[in-house]
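Structural overview for review
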Amino acid sequence: LAMGGNYTQPRFILLGITDTPWAQAPLFVLFLLIYIVTLAGNIGLMVLVWVAPSLHTPMYFFLTHFSLADVCYSTVISPKMLTDLLFGDKTISWAGCVTQFHLFALFVTAECHLLAAMAYDRHVAICHPLSYVLVVSPQACWQLVAWCYLVASLSALLYTGCTFGASFCGPNHVDHFFCDTSPVLRLACSDTRGCEAAIFALAAANGLGTSAVILLSYGRILHAILGTSSAPSRARAFRTCASHLASVAVFYGSLFFMYLQPASQHGSRDKVASVFYTVVSPMLNPFIYSLRNREVKAALGRGRRRV
């Protein structure tokens, strides 16, 4: 049954966020509301970009794929977590565990690279406006998005192979609310140091590489704004950059905490960090990246008048 291992248990048991009975119902209500807002915000943004010709620009093209990744990896995690909180049946099959982790790794990695593509797009638009149409052409946009998904697909295959390629022959209780690398590898009977090193290196390459692109792009943007814009324009640009970087900091900070620390340091705090990038960040992203923009507000206003 295992991917290269000797797994003898038919199922894993997810221990969940908490085992306190009185906390199950409040957490279910809270996470259900967050999931509904996540779906409404991200799907609403995708529909708005699709129906509003004024939003058919590279920036919103990347934002629709970013929202799609948010919806997908949130849906990979939240429904299972909600049913576990509501019904208390926390079992998950081997195939279900592998599939959940693989899809989660795919869409989270894609989101990292999409964030880098979005930052590059804003850098070219602000720092090189005269060449923007040529550099960020429709063909270039599709190539960037295809690259994001290609790298994410290959990375997810490696993450999944390293995580589930060990031998599993003992405990089957996963101390988490979804199938993630560290809690799954803790159940392995074989030596996992090589797998952990490979996962660490791959996570570092994806995380540090994309975060470097984001920080360099926003650094150039701020430098350009300080040199040319008026005071009101600078203040507006600072607010936009600060909100974007705050979202990036929450997302990457929790990811780095989870995947760029030694295996011996993992513990109960991992669940708190995981909640930020699996539940909270997908809910906030539509508001931070789009709904504060004048173009989106104008498109929403035109849509309301038509209705």
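About the cut-offs
Residues numbered from 1 in each chain as written. Predicted model: local features only at pLDDT ≥ 70, side-chain atom pairs only at ≥ 80, totals over all residues. Heavy atoms only, no water. Disulfide = S-S within 2.5 Å. Helix = DSSP H or I, 4+ residues; strand = E, 2+ residues; numbered from the N terminus. Buried < 20%, exposed > 50% of the residue type's maximum accessible area, 1.4 Å probe, protein only. pLDDT = per-residue confidence, 0-100. Pairing = 2+ DSSP bridges. Contact = heavy atoms within 4.5 Å. Axes fitted to C-alpha atoms, helices over the stretch in contact; angles between N-to-C directions. Salt bridge = Lys/Arg side-chain N within 4 Å of Asp/Glu carboxyl O. UniProt positions renumbered as here; feature names shortened; annotations may be inferred. 1 Å grid on protein atoms, 1.4 Å probe; cavity = no way out; pocket = protein on both sides within 12 Å on 5 of 7 lines; lining within 4 Å. Points joined across faces, edges and corners; volume = space filled by probe spheres on them. Polar contact = N/O pair within 3.5 Å; in protein donor to acceptor, adjacent residues only side chain to side chain.

**Topic: the state of the cysteines**
Scanning the model with the defined rule gives 1 disulfide in all. In this model, C97 is linked to C179 through a disulfide, with the two sulfur atoms separated by 1.9 Å. With the S-S bond torsion at -120°, the cross-link from C97 to C179 turns out left-handed. Separated by 82 residues along the polypeptide, C97 in helix α3 (residues 94-127) and C179 in the loop between β3 (173-174) and α6 (181-185) bring together distant segments of the chain. The exposure classification of C97 matches that of C179, with both residues buried. Considering cysteine sulfurs only, C148 is the nearest to C112, which forms no disulfide, with 10 Å between them. Residue class for C148 comes out buried when judged on its relative accessible area of 2%.

**Some details on the environment of A146**
By secondary structure assignment, the location of A146 is in helix α5 (residues 138-164). Under the relative-accessibility criterion, A146 is labelled partly exposed at 44%. C-alpha of A146 to C-alpha of F257: the two residues are 111 residues apart in sequence and 28 Å apart in space.

**Quick notes on the confidence of the model for the protein**
Per-chain confidence: the protein averages 85 in pLDDT, with 90% of residues scoring 70 or above. When pLDDT is averaged over each helix and strand of the protein, the minimum, 72, is found for helix α10 (residues 294-306) and the maximum, 95, for α5.

**Remarks on the sheet that holds β3**
Across the sheet, which stays open at both edges, the 3 strands sit in the order β2-β1-β3 with mixed pairing between neighbours. Looking along the sheet, the strands with just one partner apiece sit at the ends: β2 (91-93) and β3. Pairing geometry for strand β1 (residues 11-14) and β3, over 2 bridges, is parallel. Within the sheet, the bridge partner assigned to I13 lies in β3 and is H173. Taken strand by strand, α3 contacts β1 and β2, and its axis lies near 85° from that of β2.

**Structural notes on the pattern of salt bridges**
In this structure the tally under the stated criterion is 4 salt bridges. For K271, the salt bridge goes to D175, with nearest N and O atoms at 3.0 Å. Placement of K271 in helix α9 (residues 269-291) and of D175 in the loop between β3 and α6 is noted, with a sequence separation of 96 residues between them. Look at K271 and you get buried, because its relative accessible area is 13%.

**Quick notes on the UniProt feature "transmembrane region" (unreviewed entry) in the protein**
UniProt marks residues 27-52, 59-81, 101-120, 197-216, 237-260 and 272-291 with the feature "transmembrane region" (unreviewed entry), using the numbering shown here. End-to-end, the C-alpha atoms of residues 27-52 are 37 Å apart, and along that stretch the chain is 96% helix and 0% strand. Across residues 197-216, the secondary structure splits into 100% helix and 0% strand, with the terminal C-alpha atoms separated by 28 Å.

**Re the side chain of S274**
Note that S274 resides in helix α9. Setting aside anything within four residues of it in sequence, one finds S274 in contact with H176, F177, F178, M258 and V279.

**Some words on empty space enclosed by the protein**
Across all of its chains, the model carries 5 cavities of 30 Å³ or more by this definition. Reported here for the largest cavity is a volume of approximately 230 Å³. Taken together, 17 residues make up the lining of the largest cavity; nearest its centre are V108, Y159, A203, L255 and Y259. Ranked by residues supplied to the lining of the largest cavity, first place goes to α3 with 6 residues. Within this model, the second largest cavity holds a volume of roughly 80 Å³. In this structure, the second largest cavity is lined by M59, F62, L63, M118, D121, R122, Y218, H244 and Y289. When contributions to the lining of the second largest cavity are tallied by element, the ones reaching two or more residues are α2 (58-87) and α3.

**Quick word on the environment of S217**
In this structure, S217 sits in helix α7 (residues 193-228). Assessed through its relative accessible area of 6%, S217 is described here as buried. Looking at S217, its side chain comes within polar contact range of the main-chain oxygen of V213, at 2.8 Å.

**What to know about the environment of D89**
Positionally, D89 belongs in the loop between α2 and β2. Residues D89 and G170, 81 residues apart in the sequence, show an inter-C-alpha distance of 21 Å. Setting aside residues up to four positions removed in sequence, D89 forms contacts with K80 and D84.

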